[in-house]
Amino acid sequence: MQNVMGSEYFNPVNTQTWANGRHQVRCLKVIQETHDVKTFCFGMQQPVLFFFKPGQFVTLELAIDNEQVMRSYTISSAPSIPYSFSITVKRVPGGKVSNWLHDNLNAGDSLTVHGPVGQFNCSDFPAEKVLLLSGGVGITPVMSMARWFFNTNSDVDMAFVHSARSPEDIIYRAELDYMSTRIDNFRLHVICERIPVGQAWSGYRGYLNRELLQLIAPDFIEREIFCCGPAVYMRAVREFLQNADFDMSRYHEESFGGDIVNKEAVAESLAAETAAAPPESSELLAVHFRTSNKTIMVAPGTTLNEAAASASLKIPKACGMGICGTCKVRVLDGQTEMNHNGGIDEEEIAEGYVLSCCAQIQSNLDVEY
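Since we're looking at a predicted model, the values are computed, not measured. (Residues numbered from 1 in each chain as written. Predicted model: local features only at pLDDT ≥ 70, side-chain atom pairs only at ≥ 80, totals over all residues. Heavy atoms only, no water.)

Undergrad: Account for the overall build of the chain, with residues named and values stated.
TA: Looking only at helices and strands, one finds 8 helices and 21 strands in the chain. Residues counted as buried form 48% of the 369 residues belonging to the chain. Taking as baseline every contact in the chain between residues at least 6 positions apart, the subset at least 24 positions apart corresponds to 68%. Accessible surface for the chain amounts to roughly 18,100 Å². Of this, 49% is attributable to carbon and sulfur atoms. (Helix = DSSP H or I, 4+ residues; strand = E, 2+ residues; numbered from the N terminus. Buried < 20%, exposed > 50% of the residue type's maximum accessible area, 1.4 Å probe, protein only. Contact = heavy atoms within 4.5 Å. Areas by Shrake-Rupley, 256 points an atom, 1.4 Å probe, with all protein chains shown as cover.)

Undergrad: Tell me what's going on with the pattern of salt bridges, and back it up with residues and numbers.
TA: Under the definition given, this model contains 18 salt bridges. Note that Lys314 is salt-bridged to Glu67, the shortest N-O span being 3.9 Å. A residue pair is termed long-range when its members are at least 10 positions apart, and Lys314 in the loop between α7 (304-310) and β17 (328-333) and Glu67 in strand β6 (residues 67-74) qualify at 247 residues. Between Arg290 and Asp366 there is a salt bridge whose closest N-O contact spans 2.3 Å. Placement of Arg290 in the loop between β15 (285-289) and β16 (294-298) and of Asp366 in strand β21 (residues 365-368) is noted, with a sequence separation of 76 residues between them. Look at Asp366 and you get buried, because its relative accessible area is 14%. Within the structure, one salt-bridge network assembled from shared partners comprises Lys129, Asp157, Arg187, Asp219, Glu222 and Arg223. (Salt bridge = Lys/Arg side-chain N within 4 Å of Asp/Glu carboxyl O.)

Undergrad: Requested: an account of the sheet that holds β21, with residues and values cited.
TA: The strand order across the open sheet built from 5 strands is β16-β15-β21-β17-β19, with neighbouring strands paired in mixed fashion. Two strands close off the open sheet at either side, each with one partner strand: β16 and β19 (353-355). Between one strand axis and the next, the sheet turns through 35° on average, direction left out of account. (Pairing = 2+ DSSP bridges. Axes fitted to C-alpha atoms, helices over the stretch in contact; angles between N-to-C directions.)

Undergrad: Describe in detail helix α5 (residues 231-243), supporting the description with residues and values.
TA: An ideal rise of 1.5 Å per residue puts 18 Å on 13 residues; α5 measures up with 18 Å between its terminal C-alpha atoms. Among the residues of α5, Tyr233, Met234, Val237, Phe240 and Leu241 are the ones counted as buried. Within α5, the buried residues cover an arc of 135° as seen down the axis, which keeps them to one side. Those residues of α5 that are exposed and aimed more than 90 degrees away from the buried face are Ala231, Val232 and Asn243. Packed against the buried residues of α5 are β9 (129-135), β10 (157-164), α4 (210-216), β13 (224-228) and β14 (251-253). (Expected span 1.5 Å × (residues − 1). Arc of directions from axis to C-beta.)

Undergrad: Could you give an account of a negative patch on the surface, with specific residues and numbers?
TA: A surface patch of like charges, here negative, comprises Asp345, Glu346, Glu347 and Glu351. Examined against the element boundaries, Glu351 turns out to sit in the loop between α8 (346-350) and β19. (Patch = residues over 30% accessible without salt bridge, like charges linked within 9 Å, V, L, I, M, F, W, Y side chains within 5 Å. Lys, Arg positive; Asp, Glu negative; His and termini not counted. Charge placed at Lys NZ, Arg CZ, Asp CG, Glu CD.)

Undergrad: Mind laying out the packing of aromatic side chains, listing which residues take part and the relevant values?
TA: Considering all chains together, one arrives at 8 aromatic pairs under this definition. Relative to Phe226, the ring of Phe120 has its centre 6.1 Å away and its plane inclined at 70°; by these criteria the two rings are edge-to-face. Taken together, the residues span a long stretch of sequence, with Phe120 in the loop between β8 (110-117) and β9 and Phe226 in strand β13 at a distance of 106 residues. Judged by its relative accessible area of 6%, Phe120 is buried. Where Phe160 meets Phe186, the ring centres are 5.6 Å apart and the plane angle is 45°; that geometry is what we call tilted. A residue pair is termed long-range when its members are at least 10 positions apart, and Phe160 in strand β10 and Phe186 in strand β11 (residues 186-192) qualify at 26 residues. Exposure class is identical for Phe160 and Phe186. Each is buried. Each member of the aromatic cluster is reached from another via a ring pair, and the members are Trp18, Phe42, Phe50, Phe52 and Phe85. Its guanidinium or amino end placed over the ring of Tyr172, Arg147 lies 4.7 Å from that ring's centre, counting from NZ or CZ. (Phe/Tyr/Trp six-rings, centres within 6.5 Å; stacked < 30°, edge-to-face > 60°. Lys NZ or Arg CZ within 6 Å of the ring centre and 35° of its normal.)

Undergrad: Go over the state of the cysteines with me, naming the residues and quoting the values.
TA: By definition, a disulfide links the sulfur atoms of two cysteine residues through a covalent bond. Tallied over the entire structure, the rule returns 0 disulfides. No disulfide involves Cys41; its sulfur sits 7.1 Å from the nearest other cysteine sulfur, which is in Cys27. For Cys41, a relative accessible area of 7% puts it in the buried group. Looking at the unpaired Cys227, the closest cysteine sulfur is the one in Cys228, lying at 7.1 Å. (Disulfide = S-S within 2.5 Å.)

Undergrad: Residue-level account of the environment of Glu348, with values.
TA: Inspection of the secondary structure assignment puts Glu348 in helix α8. Counting along the chain gives 18 residues from Glu348 to Arg330, while the straight-line C-alpha distance between them is 9.0 Å.

Undergrad: Go over the side chain of Arg147, please, and point to the residues and values.
TA: Looking at the element boundaries, Arg147 is found in helix α2 (residues 139-151). The buried category is assigned to Arg147, whose relative accessible area is 14%. Among the polar contacts listed, one links the side chain of Arg147 to the backbone oxygen of Ser76, at a separation of 2.7 Å. A distance of 2.6 Å separates a polar atom in the side chain of Arg147 from a polar atom in the side chain of Glu175. With sequence-adjacent residues up to four places away left out, Arg147 is seen in contact with Ser76, Ser77, Ala78, Ser80, Tyr172, Glu175 and Met179. (Polar contact = N/O pair within 3.5 Å; in protein donor to acceptor, adjacent residues only side chain to side chain.)

Undergrad: Describe the packing of α2 against helix α3 (residues 173-182), naming the residues involved and giving the relevant values.
TA: Where α2 meets α3, the closest approach of the two axes is 12 Å, and the angle between their N-to-C directions is 35°. As for the relative orientation of α2 and α3, their crossing is left-handed in sense. Counting all contacts with α2, which are made through Ile139, Met143, Ala146, Arg147 and Phe150, the residues of α3 involved are Glu175, Leu176, Tyr178, Met179 and Arg182. Looking at the contact of α2 with α3 residue by residue, the classes come out as 7 nonpolar, no polar and 3 charged. (Left-handed = near helix turned anticlockwise from the far one by under 90°. Nonpolar A, V, L, I, M, F, W, Y, C, P; charged D, E, K, R; others polar.)

Right, here's the structure in full:
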């Protein structure tokens, strides 16, 4: 980014504010956090203030092997440093996007992002005392929250509990140590699953459970809890909190991506229902994609994204849960039923837009796509 500290970056007339949508950004730098985790920092050529709620995420639009791929990542930076934003990515064995990012994305490269969006954030659930729980790379959204509280000199009482495989896998280790020494209202606790032979470690060992949490944060029952990590980690946390009679309305987790096992079970169930009772032709509904000039007949309740796929059209999507907003299209005529999770606002709905991944078809449709 040229002339980052130029006068235009301090001119309120020239400075724009980031809003949910499709944006072209440029990678400013790449930071090696651990042996398999990198942070990618992004900005725009023109002065833009990247305002978002700590905990929200963006969706990357990439071209990998001549195929458009969408993938969502939590913003790991805080809006208190407003002229750029960062994502932190762990290389996953066999992971198409994470491996491509680690191997190919460098400072100076441009890409497209959608967002920011997401209901998992600390802004919508203000509290005087918070408990930030994370496992592995799930640390990213709660780190954004901690950075926000730290940078704004908030008096929020923070208990930060992170679980890592080993000491060398602790993401942001130096920064977390720094934060814990600078302010009294940030208490850091790191739990390592295993300690390699010859490595020194004076922290907690094993796995987070109710007894260990009681030792670390005896007042956890009084705190607003934000949790992110592998599905098995979050499931264990939910179970021991429920057993402790914690008020689960004060528990928030980053459930982006959903439960794959449940999704597969639902898909198999729907497939079985379809095979057992194929719809009569009189029950089918016509979906016309105006821009592509294609029409497909589908059963009521089919999602708009599924209808598009049946017509050999690919509406981009990432989460499949109505969170990220990537699959937004405009319905010009007809009725759908949409149960989303924050990926679209009321103004867009009033203009006829829907999230195709969770918009179920209820009548003949005319779609702008």
